[in-house]
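# Tertiary structure, described
One letter stands for each residue in the lines below.
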Amino acid sequence: MLQEWVDPDLKWDRSVYPYEEVVVPVSSIWTPDLLITNAISTSMKHSSRDLVVNFDGTVVHNVTINANVNCEINLFNYPFAADSCPVAIQSWSLYGCGTVLDFDEIKMVDSSHGDWETTDVTLLRQRDDRYYIQVSLRIKHSSPFITLLLPSFLILIADLVSSALPLSGGERNCFKVTLVLSFTMFLNLLNDKLPGDSQCSPIIRQHFCVILVLLVFSMLVSMVLTRISQEGSLILCCWHKDPDTKDREIKEEKDNEEANGDISMIPLEESENTQILRKVVKFLEALDAKEARVEQNQSTANKLDKAFFWFYSFIGLGYFVAMYIVMAKYECVVNHFDFWY
């Protein structure tokens, strides 16, 4: 920072001392002190041990100010966050023999540091004695978008495309369970990289929760559809009899009745061949009935699967649109001037 002030005690008459300016040590004259009102820590250092004094008492000197500023940034739209942070500069006293600041021009030297980028620097004031530098910041969204948002979108798309896998065999269920476990591990690894909670907490935390709920919901629906395709029922109790067991009991009862009837009606030499033929016919009929029942169960499960696919697609698309609108349009307001009272 280039400082310039007028010290009447340092004037001299050029007719007596024919010099336009002189160089004197910094420690030999008075120099103004500047304060950062909203700073956690501040250090002010002289750029050199000497300074220039003009014949009219004008002093020109360079100082370097390093300050850690307490400023709450709006991170609601992270990783597309952008906000401004005030740096309040004032002198040590405003009354009596204090110092009145008069700012000239502010230039931005370093516009990029870490994950944040400085887009603009403006000198503003709230009243005559309250000047502050408005520093506009914007996060570099390319890195967090690739490491945070993009994997969650790809995992949700992979879960949607997994509907192409058949219900029977268990391949789809295994794939969906793998997606849920992978996304859970993904959240555990990135938990330390997410910004902390604040007044405007990042909505990306809620985004991850919604994605996890959708993945678990899709996994459970896939398991239910697999049950329907194989058993044709959602009853999971242990006392529930398998349809094949019921068919076998009914078949045995009918065979016993037919065998008893054949003993009285069919001659002895034909009864054995007839019973064997009847058993073969009953077996083929039961096999056809079982295949028909399996086809019916699979047809019902496929219809429900298609309906859920479109339902899940509309939910995912609607969520993406709503998420984009919230992140792009909604603004969380932060009071940056609560340090002034």
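Here's what I pulled together on the structure shown here. (Residues numbered from 1 in each chain as written. Predicted model: local features only at pLDDT ≥ 70, side-chain atom pairs only at ≥ 80, totals over all residues. Heavy atoms only, no water.)

### So, the pattern of salt bridges
Counting across every chain of the model gives 4 salt bridges. Between Glu20 and Arg14 there is a salt bridge; the shortest N-O distance is 2.8 Å. You can call Glu20 partly exposed: its relative accessible area is 47%. According to the relative accessible area criterion, Arg14 is partly exposed, its value standing at 38%. Its salt-bridge partner being Arg138, residue Glu117 comes within 3.3 Å of it at the nearest N-O pair. Here Arg138 lies in strand E10 (residues 130-139) and Glu117 lies in strand E9 (residues 116-127), a separation of 21 residues in the sequence. A residue is classified by how much of its surface remains accessible, and Arg138, at 39% relative accessible area, is partly exposed. (Salt bridge = Lys/Arg side-chain N within 4 Å of Asp/Glu carboxyl O. Buried < 20%, exposed > 50% of the residue type's maximum accessible area, 1.4 Å probe, protein only. Helix = DSSP H or I, 4+ residues; strand = E, 2+ residues; numbered from the N terminus.)

### Details of the environment of Trp116
One can find Trp116 in strand E9. The contact partners of Trp116, leaving out residues within four places of it in the chain, are Ile73, Leu75, Ala81, Leu137, Arg138, Ile139 and Lys140. (Contact = heavy atoms within 4.5 Å.)

### Brief notes about the state of the cysteines
A full pass over the atoms with the stated rule returns 1 disulfide. Residue Cys71 pairs covalently with Cys85 via a disulfide, S to S 2.4 Å. Of this pair, Cys71 sits in the loop between strand E6 (58-69) and strand E7 (82-91) while Cys85 sits in strand E7, and the two are 14 residues apart along the sequence. Taking relative accessible area as the criterion, Cys85 reaches 9% and is therefore assigned buried. (Disulfide = S-S within 2.5 Å.)

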